[in-house]
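A closer look at the structure
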Amino acid sequence: EYYMDACKEIQRVRAITDNELKKLGFEVLDSKANFLFAKHKDIDGGELYLKLKENGVLVRHFTNERICQYNRITIGTEEQMTILIDTIKKIMEEEK
């Protein structure tokens, strides 16, 4: 029962995060896992990774040419994902 409840919560928070990222102009690949793979046409994937890290938000970035524009975002609590989205908004505002 605990496992199933945890899975449902991850699915719920993943859907919210997916929607919020898309509102910000991100391309988000379909996911059935506990993470999202996302990129933005106006922000280099590596640059976003470093700026998030500077702000205390950790995501995973890969340097492989095929996926270097994407960041792997592990689904956390709703509060953690709100911090991620708010931090991305701040970064995007600074980029203008």
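Residues numbered from 1 in each chain as written. Predicted model: local features only at pLDDT ≥ 70, side-chain atom pairs only at ≥ 80, totals over all residues. Heavy atoms only, no water.

Focus on the nonpolar core
To keep it simple, the criterion reads: Definition of nonpolar core: a set of buried residues of the types Ala, Val, Leu, Ile, Met, Phe, Trp, Tyr and Cys, connected through side-chain atoms within 4.5 Å. Buried residues are those whose accessible area, probed at 1.4 Å on protein chains only, stays under 20% of the maximum for their type, while exposed residues exceed 50% and partly exposed ones sit between those limits. Secondary structure elements are defined from DSSP: runs of H or I of at least 4 residues count as helices, runs of E of at least 2 residues count as strands, and each element is numbered from the N terminus. When checking whether two residues touch, look at their non-hydrogen atoms; a contact exists if any pair is within 4.5 Å.
Counting 20 residues, the largest nonpolar core has Leu21, Phe26, Leu48, Leu52, Ile73, Leu84 and Ile88 as the members making the most contacts within it. Counting residues per element, the ones that place at least two in this core are helix H1 (2-23), strand E1 (26-28), strand E2 (35-40), helix H2 (45-54) and helix H3 (78-95). The greatest single-element share of this core, amounting to 6 residues, is contributed by H3. Leaving out residues up to four positions away in the same chain, Ile88 has contacts with Leu21, Leu24, Phe26, Leu48 and Leu52.

Considering H3
Which entries qualify depends on this criterion: What a helix should span is 1.5 Å times the count of its residues minus one. By arc we mean the arc of the directions from the helix axis to the C-beta atoms, nothing more.
If you check H3, its first and last C-alpha atoms are 26 Å apart, about what 18 residues at 1.5 Å a residue would give, namely 26 Å. When we look at burial in H3, the residues that qualify are Met81, Leu84, Ile85, Thr87, Ile88, Ile91 and Met92. Taken end-on, H3 shows its buried residues confined to a sector of 165°, consistent with a single buried face. Residues Glu79, Glu93 and Glu94 are exposed on H3 and point more than 90 degrees away from its buried face. On its buried face, H3 is in contact with H1, E1, E2, H2 and strand E4 (71-74).

Remarks on H1
Residue pairs spaced three or four apart in an α-helix point in one direction, given the helix's 3.6 residues per turn. Taking 1.5 Å of rise per residue, the 22 residues of H1 would be expected to cover 32 Å, and the 32 Å separating its terminal C-alpha atoms lies within 8% of that figure. Restricting attention to buried positions, one finds in H1 the residues Val13, Arg14, Thr17, Asp18 and Leu21. For H1, the buried positions fall inside an angular range of 145° around the axis, keeping them on one side. Among the exposed residues of H1, those oriented more than 90 degrees off its buried face are Lys8 and Lys23. Buried residues along H1 sit against E1, E2, E4 and H3. One or two positions beyond H1, positive phi appears at Gly25, with a value near 95°.

It is worth stressing that arrangement in space is one thing and function is another; only the former is reported here.
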